[in-house]
Structure formats: structure tokens, C-alpha cells
Amino acid sequence: MGLSRGLAMIGGIVLSALILMTCVSILGRHASTALNSDMVQSVAPALATWLLGFGIGPIYGDFELTELGMGFAVFCFLPLCQITSGHARVDIFTAFLSDATNRWLRLIIETIFLGAIALIAWRLSIGMSSRMRTGQTTYLLEWPVWWPYAACMVAASGAVIVAAYMVYIRVLEAIGGKDIIGEGGESEH
């Protein structure tokens with residue numbers, strides 16, 4: 001739970017920074033448009049030029065930063081979502097099944113999720129290695145593309161650890177015939 005919450009906090013900080021950056025960039029874009037308008041240029045050209053000289057405008061590379069940060073944030077939220085059973089599900093089919101059947105079904109689903117997230121983490125490591133070898137950079141900021149791959153791989157590896165833990169818990173639940181982790185990820189003992 002600590003790993004899951006820690007990654008979610010990091011993801012939340014990154015997401016909050018992206019939101020703030022986007023707002024500042026939009027405000028800067030609008031301010032730049034206003035300062036470059038005919039009206040402002042005719043009324044106060046010196047002030048407009050002075051303010052524009054401070055760099056008022058959109059944040060350079062804001063789209064690239066958003067693209068890079070969002071992927072990382074998503075991977076940071078996966079472990080908490082996994083351990084708290086927060087993924088979307090359709091109870092219409094499972095509501096009529098016995099508790100024992102639902103425990104085995106949860107074990108199967110957790111095992112499939114472990115396989116999927118392990119595959120994603122593995123492919124991220126291959127993508128990172130490839131980007132390191134080629135020296136590929138982003139278009140505007142010219143940052144190495146392997147950086148976000150590495151960040152996402154670390155967060156995805158945390159998700160693999162949590163998914164493996166959840167498979168272990170679901171095995172104990174299925175064999176023992178009682179729930180160990182309830183909704184919200186809290187122990188039922």
C-alpha cells in the first residue's frame with residue numbers, strides 16, 4: 001500500500017504541475033495575443049514591448065511536456081487503482097455468482113492484469129533502450145526521448161510489484177475461502 005500511495009502522490013504532483021503549466025501557458029498565450037493586438041500597440045506600444053520582452057507568451061514546449069508527463073502520471077496511478085480494486089468492472093454478471101466463484105474470478109483477472117502490466121513494463125524497457133541507442137529527442141525541447149520511457153518503466157515496475165502482490169493475495173483468498181483485502185485495499189483482518 002505504501003508503494004502504491006507513494007507512486008500516486010508522485011503522479012499527483014506531476015499531474016498538478018502539468019495542470020498549472022497548461023493554465024500559465026494558456027494565460028501567457030492570451031496575454032501575448034492581447035499585447036500584440038492593434039489596440040494595445042496603438043495605445044501603449046512601449047509597455048506592450050516591455051512586457052513582451054519579459055517573455056510573456058505560451059510556455060515553449062508545453063505540448064511536449066504534457067505528452068511526456070501524462071504517460072508517467074498514468075503509470076503512477078495504476079498501482080493504487082490495482083490494490084484498491086479501483087478498475088472499472090461490470091458487476092451485473094458477477095453479482096449472482098457465489099463468493100467462492102468471485103474469488104477465483106478475481107484471481108484470474110489479477111493474473112491477467114499482472115501479465116499485461118509486466119508485458120508493458122518489458123516493452124517500455126525495450127523502447128527505452130532503443131531510444132537511448134538512437135539518441136532520439138523531442139522536436140521542440142530536444143530532450144532525450146528515453147527519459148520519459150525510463151520514468152514510465154519505473155512506475156510500471158511498481159505496478160508489476162503491486163500486481164504480483166495482488167495475485168498472491170487472491171490465491172490466498174481463493175484457497176482460504178475468505179477475503180483478505182476488501183474494497184479500498186484495506187485488510188479485512
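Residues numbered from 1 in each chain as written. Predicted model: local features only at pLDDT ≥ 70, side-chain atom pairs only at ≥ 80, totals over all residues. Heavy atoms only, no water.

So what's going on with the packing of helix H1 (residues 2-35) against helix H7 (residues 146-176)? Residues and values would help.
The geometry of H1 relative to H7 is characterised by a closest axis approach of 10 Å and an angle of 155° between their N-to-C directions. Comparing the axis directions of H1 and H7 gives the class roughly antiparallel. Here H1 and H7 pass one another in a crossing that is left-handed. Between H1 and H7, the residues in contact are Leu3, Ser4 and Leu7 and Ala155, Gly158, Ile161 and Val162, respectively. Of the residues in the contact of H1 with H7, the class split is five nonpolar, two polar and no charged. (Axes fitted to C-alpha atoms, helices over the stretch in contact; angles between N-to-C directions. Helix = DSSP H or I, 4+ residues; strand = E, 2+ residues; numbered from the N terminus. Parallel < 35°, antiparallel > 145°, perpendicular 65-115°, else oblique. Left-handed = near helix turned anticlockwise from the far one by under 90°. Contact = heavy atoms within 4.5 Å. Nonpolar A, V, L, I, M, F, W, Y, C, P; charged D, E, K, R; others polar.)

Describe the side chain of Asn102, listing the residues and the values that go with them.
Here Asn102 shows up in helix H6 (residues 99-134). What makes Asn102 buried here is its relative accessible area of 14%. A distance of 3.4 Å separates a polar side-chain atom of Asn102 from the backbone oxygen of Leu97. If sequence neighbours within four positions are ignored, Asn102 has contacts with Thr94 and Leu97. (Buried < 20%, exposed > 50% of the residue type's maximum accessible area, 1.4 Å probe, protein only. Polar contact = N/O pair within 3.5 Å; in protein donor to acceptor, adjacent residues only side chain to side chain.)

How would you summarise the layout of surface pockets if you had to cite specific residues and measurements?
The computed volume of the largest pocket comes to approximately 450 Å³. Forming the walls of the largest pocket are 17 residues, and the residues nearest its centre are Ser85, Arg89, Asp91, Arg106 and Ile109. Where the lining of the largest pocket is concerned, the elements lending two or more residues are helix H5 (91-94) and H6. Looking at the lining of the largest pocket element by element, the count peaks at six residues for H6. Classifying every residue of the lining of the largest pocket gives six nonpolar, five polar and six charged. (1 Å grid on protein atoms, 1.4 Å probe; cavity = no way out; pocket = protein on both sides within 12 Å on 5 of 7 lines; lining within 4 Å. Points joined across faces, edges and corners; volume = space filled by probe spheres on them.)

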